[in-house]
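Examining the three-dimensional arrangement
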Amino acid sequence: DSGVTQTPKHLITATGQRVTLRCSPRSGDLSVYWYQQSLDQGLQFLIQYYNGEERAKGNILERFSAQQFPDLHSELNLSSLELGDSALYFCASSGTSRQETQYFGPGTRLLVL
Amino acid sequence: AQTVTQSQPEMSVQEAETVTLSCTYDTSESDYYLFWYKQPPSRQMILVIRQEAYKQQNATENRFSVNFQKAAKSFSLKISDSQLGDAAMYFCAYRSGISGGGADGLTFGKGTHLIIQP
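Residues numbered from 1 in each chain as written. Chains lettered and ligands numbered in written order. Predicted model: local features only at pLDDT ≥ 70, side-chain atom pairs only at ≥ 80, totals over all residues. Heavy atoms only, no water.

Section: the interface of chain B and chain A
The condition that has to hold: We call two residues in contact when some of their heavy atoms are within 4.5 Å. Throughout, buried area stands for the accessible area (probe radius 1.4 Å) lost by two parts on being put together, summed over both. Under the rule applied, a polar contact is a pair of N or O atoms within 3.5 Å (in protein, one hydrogen donor and one hydrogen acceptor; residues adjacent in sequence only if both atoms are side-chain atoms). A run of DSSP states H or I qualifies as a helix once it reaches four residues; a run of E qualifies as a strand once it reaches two. Both are numbered from the N-terminal end. For this classification, the nonpolar set comprises Ala, Val, Leu, Ile, Met, Phe, Trp, Tyr, Cys and Pro, the charged set comprises Asp, Glu, Lys and Arg, and every other residue, Gly included, is treated as polar.
Taken residue by residue, the interface counts 22 residues in chain B and 22 residues in chain A. Among the residues of chain B in contact with chain A, R43(B), R95(B) and D104(B) are the three that bury the most area, contributing 26% of the side total. In this structure, the connection of chain B to chain A is made through seven residue pairs in polar contact (both at pLDDT 80 or more). Those elements that place two or more of their residues in the side of chain B that touches chain A are β5 (32-39), β6 (46-52) and β10 (88-96) of chain B. Tallying contributions element by element places β5(B) first for the side of chain B that touches chain A, with four residues. Classifying every residue of the side of chain B that touches chain A gives eleven nonpolar, seven polar and four charged.

Here is the structure:
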């Protein structure tokens, strides 16, 4: 158990819909990262938040957005969903130092029908 | 942009034997971090080992060790005394040592599926 929690574990929705994935980092970690794992694209970094502020952006679509709240939990919002958005979405967290390792949550499996 | 290449889509090894998984990367940076993550059938991403580029000594964690060749941009993972529980996808990952501009995210290879033969 990494200490990172993600909800829900599974999500099934329809094209055009909007969903929200939630992540709680390990106790004391200030950084939260979101990754997408799909068969086509492999594992891709989407976005990072540090202590409530956006720190870095990767290959995140404009239809996707994220935020980190004062209690440090984070949400990834996916809108206008397409079939190709079906994937496993991971959240990871790390501490205050840039040298620190990222620890991953169990992931949310999203299926868009 | 950095790239990570794992040239072995699948590897098979007998239980108790040793196996080496290959990883190469491309970067113009001198400061960075390298990682091996394991993803068993549960899909959880589990850190196996990490290496700081400024350290010449190869990292070791119990049965897992790396061969880090900075000049060759190579970062292989050796698993000794393979066990059935080692069966998983193994991902090599790179993280820049430079802050900002996406540099904090990990760049992953496509993975190597490791099969352990009993």
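Once you've had a look at it, read on.
With respect to the pattern of salt bridges
Definition in use: By definition, a salt bridge exists where a carboxyl oxygen of Asp or Glu is found within 4 Å of a side-chain nitrogen of Lys or Arg. Remark: exposure states derive from per-residue accessible area (1.4 Å probe, protein chains only) relative to the maximum for the residue type, with buried under 20%, exposed over 50%, and partly exposed in between.
One pass over the structure, following the stated rule, counts seven salt bridges over all chains. Notably, a salt bridge pairs E82(A) with R63(A), separated by 3.7 Å at the nearest N-O pair. Taken together, the residues span a long stretch of sequence, with E82(A) in the loop between β8 (74-78) and β9 (87-94) and R63(A) in the loop between β6 (53-57) and β7 (64-68) at a distance of 19 residues. Classification of E82(A) as partly exposed rests on a relative accessible area of 44%. One salt bridge connects K73(B) with D26(B), and the closest N-O pair in it is separated by 3.9 Å. Pair noted here: K73(B) is in the loop between β8 (64-69) and β9 (74-79) and D26(B) is in strand β4 (residues 24-26), with a separation of 47 residues, a long-range link. Each of R63(A), E82(A) and D85(A) takes part in salt bridges that share partners, so that together they form one network.

Focus: the state of the cysteines
Residue and element names in this part refer to chain B. Condition: The disulfide definition used here is simple: a pair of cysteine sulfur atoms within 2.5 Å.
The final tally for this structure, using the stated rule, is two disulfides over all chains. Put simply, C23 and C92 are joined by a disulfide, and their sulfur atoms are 2.0 Å apart. Between C23 and C92 the sulfur-sulfur dihedral comes to about -70 degrees; the bridge is accordingly left-handed. Taken together, the residues span a long stretch of sequence, with C23 in the loop between β3 (19-21) and β4 and C92 in strand β10 at a distance of 69 residues. Each member of the pair, C23 together with C92, is buried.

Concerning the sheet that holds β7(A)
Two pairing modes exist for strands in a sheet, parallel and antiparallel, and in both the strands are linked by backbone hydrogen bonds. Residues and elements named next belong to chain A. Threshold: Think of it this way: DSSP has to see at least two bridges between two strands before they count as a pair. Here the axes come from fitting lines to C-alpha atoms, over the contacting stretch only for helices, and the angles between their N-to-C directions go from 0 to 180 degrees.
Taken in spatial order, the four strands line up as β1-β3-β8-β7 in an open sheet, and their pairing is antiparallel. Where the open sheet ends on each side, the last strands, each with one partner, are β1 (5-7) and β7. The mean angle between the axes of side-by-side strands here comes to 15 degrees, regardless of whether they run parallel or antiparallel. Examined bridge by bridge, β7 and β8 share five bridges and lie antiparallel to one another. In the strand pairing of β8, F64 is matched with L78.

Focus: the packing of aromatic side chains
To keep it simple, the criterion reads: Geometry of aromatic contacts follows a simple scheme: Phe, Tyr and Trp rings, the Trp one being its six-membered ring, pair when their centres are within 6.5 Å, and the pair is stacked under 30 degrees between planes, edge-to-face over 60, tilted otherwise. A ring is considered to have a charge above it if a Lys NZ or an Arg CZ atom is located within 6 Å of its centre and within 35 degrees of its normal.
Enumeration over the complete set of coordinates arrives at 15 aromatic pairs over all chains. On the numbers, 6.3 Å between centres and 90 degrees between planes, the contact of F91(B) with F108(B) is edge-to-face. One end of the pair, F91(B), is in strand β10; the other, F108(B), is in strand β11 (residues 107-108), and 17 residues separate them in sequence. Look at F91(B) and you get buried, because its relative accessible area is 5%. An aromatic cluster is built from Y35(A), F45(A), F90(A), F104(A), F35(B), Y37(B), F91(B) and F108(B), whose rings are joined through pairwise contacts. Here the guanidinium or amino end of R55(A) rests over the ring plane of Y50(A), the centre of that ring lying 4.4 Å away.

Side note on the side chain of S76(B)
Following the sequence through the fold, S76(B) ends up in strand β9. Residues contacting S76(B), with those up to four places away along its chain left out, are T20(B), L21(B), S22(B), C23(B), W36(B), S65(B), V66(B) and N67(B).

A few points about the nonpolar core
Put simply, the rule is: Nonpolar core, defined: a set of buried Ala, Val, Leu, Ile, Met, Phe, Trp, Tyr and Cys residues in which side-chain atoms within 4.5 Å join the residues together.
Judged by nonpolar contacts, the single largest core of 25 residues is most densely connected at Y25(B), W36(B), F75(B), L77(B), Y90(B) and L114(B). Looking at this core, the elements with two or more residues in it are β3, β5, β6, β8, β9, β10 and β12 (112-117) of chain B. With four residues, the top contributor of residues to this core is β10(B). Grouped together as the second largest cluster of nonpolar side chains are 21 residues, V19(A), V32(A), L46(A) and A66(A) included.

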